[in-house]
Amino acid sequence: MADYDAHAADYDLWSADTIDDVQWYVSLARDAGEPIVELAIGTGRVAIPIARETGKRVVGIDRSAAMLAVGREKAGDLPIEFREGDMRDFSVEEPVDLVICPGRSLMHCRTWAEKRSVFEHVAAALRPGGRFAWNVFAYSPFVAVANEGTRQTRGESWLEVRGAPPDNRIDLIHRGGVIPLWWMTRAEQEGLIDVAGLELEALYGGCHREPYDETTYEMVWLARKAA
Ligand SMILES: C[S@@+](CC[C@H](N)C(=O)[O-])C[C@H]1O[C@@H](n2cnc3c(N)ncnc32)[C@H](O)[C@@H]1O
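Parameters at a glance
Think of each chain on its own: its residues are numbered from 1, step by step along the sequence as written. Selection of residues for local features in this predicted model requires a pLDDT of at least 70, selection of side-chain atom pairs for listing and counting requires 80 or more, and totals for whole chains, interfaces and linings are taken over all residues. Each pair of strands is called paired provided DSSP finds at least two bridges between the two strands. Each helix is a run of DSSP H or I of at least 4 residues and each strand a run of E of at least 2, with the numbering of both proceeding from the N terminus. Axis definition: a line fit to C-alpha positions, over the contact stretch in the case of helices; interaxial angles, taken between N-to-C directions, run 0 to 180 degrees. Two residues form a contact once the distance between their C-beta atoms, set from the backbone, is within 7 Å. Between 65 and 115 degrees an angle is taken as roughly perpendicular, under 35 as roughly parallel, over 145 as roughly antiparallel, and anywhere else as oblique. Helix crossings fall into two classes, left-handed where the near helix is turned counterclockwise from the far one by less than a right angle and right-handed where it is turned clockwise. Three categories are distinguished: nonpolar for Ala, Val, Leu, Ile, Met, Phe, Trp, Tyr, Cys and Pro, charged for Asp, Glu, Lys and Arg, and polar for the others, with Gly belonging to the last.

Some points on the sheet that holds strand S3 (residues 80-84)
So, point 1. Across the sheet, which stays open at both edges, the seven strands sit in the order S3-S2-S1-S4-S5-S11-S10 with mixed pairing between neighbours. The strands lining the two open edges of the sheet, one partner per strand, are S3 and strand S10 (198-204). Neighbour to neighbour, the strand axes of the sheet diverge by 20 degrees on average, direction disregarded.
So, point 2. Relative to strand S2 (residues 58-62), strand S1 (residues 36-39) is paired through four bridges, and the arrangement is parallel. Across the sheet, Glu38 pairs through a bridge with Gly60, a residue of S2.
So, point 3. Docked against the sheet, helix H4 (residues 65-75) engages S2 and S3, running at close to 165 degrees with respect to S3.

Thoughts on the packing of helix H2 (residues 20-30) against helix H3 (residues 47-54)
So, point 1. It is the contact of H2 with H3, at a shortest axis distance of 9 Å, that shows an interaxial angle of 45 degrees. Between H2 and H3, the angle is such that the two are oblique. Like other packed secondary-structure pairs, H2 and H3 cross with a definite hand, here right-handed. Here Val22, Tyr25, Val26, Ala29 and Arg30 of H2 lie close against H3, whose contacting residues are Pro49, Ile50, Glu53 and Thr54.
So, point 2. Considering only residue class, the contact of H2 with H3 consists of six nonpolar, one polar and two charged.

Comments concerning the sheet that holds strand S7 (residues 157-164)
So, point 1. Across the sheet, which stays open at both edges, the four strands sit in the order S6-S7-S8-S9 with antiparallel pairing between neighbours. With partners counted over all chains shown, the strands left at the sheet margins are strand S6 (151-154) and strand S9 (177-182), one partner each. Within the sheet, the average angular offset between the axes of one strand and its neighbour, ignoring direction, is 25 degrees.
So, point 2. Taken together, the six bridges between strand S8 (residues 169-174) and S9 define a ladder with antiparallel strand orientation. If you follow His174 over to S9, its bridge partner there is Gly177.

Structure follows, in structure tokens:
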């Protein structure tokens, strides 16, 4: 079973408040040719508004069959392909203008080698001038301490937060399963851009192009393949 299968039924409940990023990714999709590729598409939280608002085709890759099944059901006739696969080893039929990885999904990769593999596959999937956009949490020791051991609830569903500092990780414990998130530093992501042969276009502190500084808890990245 893929990590997220146990969480598929509850995922939309937990991500209902995560709306800030949707229009950011829709706006990038408006500027790109189709198809848009979404890594770790999940239940289509971002892909569905992209397809609905731009009319463009989305190819979404995810390793959880259960998340994909929820997404397919919700998307109905929209032009979205929910494809089972692994973002660490994916390919597309033709090079594309835009690859996105919303929802902090890159934080599910543990090692540098895994992340490097994602970035190298993205670079191979992009046309010259094409863009890769993603967002991850920015680590804050203050937020980590405040959240440690807390239990959050949504209706019947609950989720507990446990830090694992020696492994640079937090665990979200939910329905007896564990969703691990590995923190990514700024330098690590700059290194990934570099090693994949991409160029940094922008780093923001939020999806409204806020500056990235000590007051922001999100890193929103845009990288480009040289034209
Ligand atoms: C937090 S959800 C994000 C879903 C969606 N992108 C969103 O923003 O709502 C993380 C998703 O990453 C997927 N995932 C984790 N590791 C993956 C991998 N190596 N390859 C493909 N999908 C992966 C999980 O199955 C899950 O659907």
